[in-house]
Amino acid sequence: MNIKKEKYSQQGFTLIEILIVVIIIGLIASLVAPNLMSRFERSKEEIAKAQVEMLSSSVMSFKLDMNRYPTSFEELTKSTDPKWRGPYLSKETIPKDPWGQDYQYKVPGDHGAFDIFSLGEKGKFDENSARNW
């Protein structure tokens, strides 16, 4: 009988051991989570920059074919002009920025022939906004 009691008394973890492990996991998570969130926001900024470059290329392709800049992004996906060789966007849809807002397009632009920019997470233009200039 003494052998069975010894065998059962040494199985499992104590409450203190479990609490120590939970505290350690919590500390590790509190160190890792802020780093992951900042990387996630930076990736959104990089996506926005890449999309602005893609839209700029599409506008330039349109300009080469039509000898003018489009008045809006919609002209990149459909037109009735006989010189039009589009669609100039691969998915035939105008992408939204990573924060779900429309990209801004201005022709003639303040910084060049045309301006394309994202208003970003806060919905207003600032130095961190993705832009083509």
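Going along each chain's sequence as written, the residues are numbered from 1 onward. At least 70 in pLDDT is required for a residue's local features to be given in this predicted model, at least 80 for side-chain atom pairs to be given and counted, and no such filter applies to totals for whole chains, interfaces and linings, which use all residues. Side-chain measures were taken over the full set of non-hydrogen atoms in the model, leaving aside hydrogen atoms and water.

Some details on the environment of Gly123
Here is the rule: Numbering of helices and strands runs from the N terminus; a helix is a DSSP stretch of H or I covering at least four residues, while a strand is a stretch of E covering at least two. Buried means the residue's accessible area, taken with a 1.4 Å probe over protein chains only, is under 20% of the maximum for its type, while exposed means over 50%, and partly exposed covers the values in between.
Along the chain, the position of Gly123 falls in the segment after strand S2 (115-117). Residue classification places Gly123 among the partly exposed residues on the basis of a relative accessible area of 34%. Measuring from C-alpha to C-alpha, the distance between Gly123 and Trp99 comes to 8.8 Å, with 24 residues separating the pair along the chain.

Considerations on helix H2 (residues 15-66)
Filter applied, for reference: To estimate the expected span of a helix, count its residues, drop one, and scale the result by 1.5 Å. Two residues form a contact once any of their heavy atoms are found within 4.5 Å.
Compared with the 76 Å implied by 1.5 Å per residue over 52 residues, the 74 Å span of H2 between its first and last C-alpha is a close match. Turning to H2, its buried residues number three or more, namely Lys44, Ala48, Gln51, Val52, Leu55, Ser56, Ser58, Val59, Phe62 and Met66. Those residues of H2 that are buried lie in contact with strand S1 (104-106) and S2. Directly after H2, the chain includes Asn67, whose backbone phi takes a positive value near 60 degrees.

Quick notes on the pattern of salt bridges
We apply this condition: Salt bridge criterion: a side-chain nitrogen from Lys or Arg within 4 Å of a carboxyl oxygen from Asp or Glu.
Per the counting criterion, the structure on display carries 4 salt bridges. Note that Lys49 is salt-bridged to Glu46, the shortest N-O span being 3.9 Å. Separated by 3 residues within a single helix, Lys49 and Glu46 lie in helix H2, roughly one turn from each other. Overall, the relative accessible area of 43% leaves Lys49 in the partly exposed class.

Focus: the layout of surface pockets
Going by this rule: Cavity and pocket criteria rest on a 1 Å grid covering protein atoms alone: a 1.4 Å probe that fits but cannot get out defines a cavity, protein on both sides within 12 Å along at least 5 of 7 lines defines an open pocket, and an atom within 4 Å of a point defines a lining residue. Grid points are joined across faces, edges and corners, and a volume is the space filled by probe spheres set on the points. For this classification, the nonpolar set comprises Ala, Val, Leu, Ile, Met, Phe, Trp, Tyr, Cys and Pro, the charged set comprises Asp, Glu, Lys and Arg, and every other residue, Gly included, is treated as polar.
Looking at the largest pocket, its volume works out to about 200 Å³. As for the largest pocket, its lining consists of 14 residues, of which Glu45, Gly120, Glu121, Asp126 and Asn128 are closest to the centre. Grouping the amino acids of the lining of the largest pocket by side-chain chemistry returns 4 nonpolar, 4 polar and 6 charged.

A closer look at a nonpolar patch on the surface
To be explicit about the condition: Note on patches: the residues involved have over 30% relative accessible area and no salt bridge, like charges join within 9 Å, and the nonpolar side chains Val, Leu, Ile, Met, Phe, Trp and Tyr join within 5 Å. To be clear on the numbers: accessible area is Shrake-Rupley with a 1.4 Å probe, and residue cover counts the displayed protein chains and nothing else.
Together, Ile16, Ile20, Ile24, Ile28, Leu31, Val32 and Leu36 make up a nonpolar patch on the protein surface, roughly 700 Å² of accessible area in all. Of note, Ile24 is situated in helix H2.

A few points about unusual backbone geometry
A cis amide bond links Val107 to the next residue, Pro108, at an omega of -10 degrees. Structurally, Pro108 is set in the loop between S1 and S2. In the Ramachandran plot, Asn67 falls in the positive-phi region, its phi being about 60 degrees despite a non-glycine side chain. On the secondary structure map, Asn67 appears in the loop between H2 and S1.

So, the UniProt feature "domain: Type II secretion system protein GspG C-terminal" (unreviewed entry) in the chain
Counted only if it meets this: UniProt positions are given in the numbering used here, feature names are shortened, and annotations may be inferred rather than shown by experiment.
UniProt records the feature "domain: Type II secretion system protein GspG C-terminal" (unreviewed entry) for residues 35-126 in the present numbering. The span residues 35-126 shows a helical share of 35% and a strand share of 7%, and its end C-alpha atoms are spaced 23 Å apart.

Things to note about the nonpolar core
In plain terms, the rule: We define a nonpolar core as any set of buried Ala, Val, Leu, Ile, Met, Phe, Trp, Tyr and Cys residues linked to one another through side-chain atoms lying within 4.5 Å.
Among the nonpolar cores identified, the biggest contains 16 residues, and Val59, Phe73, Leu76 and Ile116 are the most heavily contacted of them. Those residues in contact with Val59 that sit more than four places away from it in its chain are Tyr69, Pro70, Phe73, Leu76, Tyr105, Phe114 and Ile116.

Observations concerning the UniProt feature "transmembrane region" (unreviewed entry) in the chain
In the numbering used here, UniProt assigns the "transmembrane region" (unreviewed entry) feature to residues 12-33. The straight-line gap between the two end C-alpha atoms of residues 12-33 is 31 Å; of that span, 86% is helix and 0% is strand.

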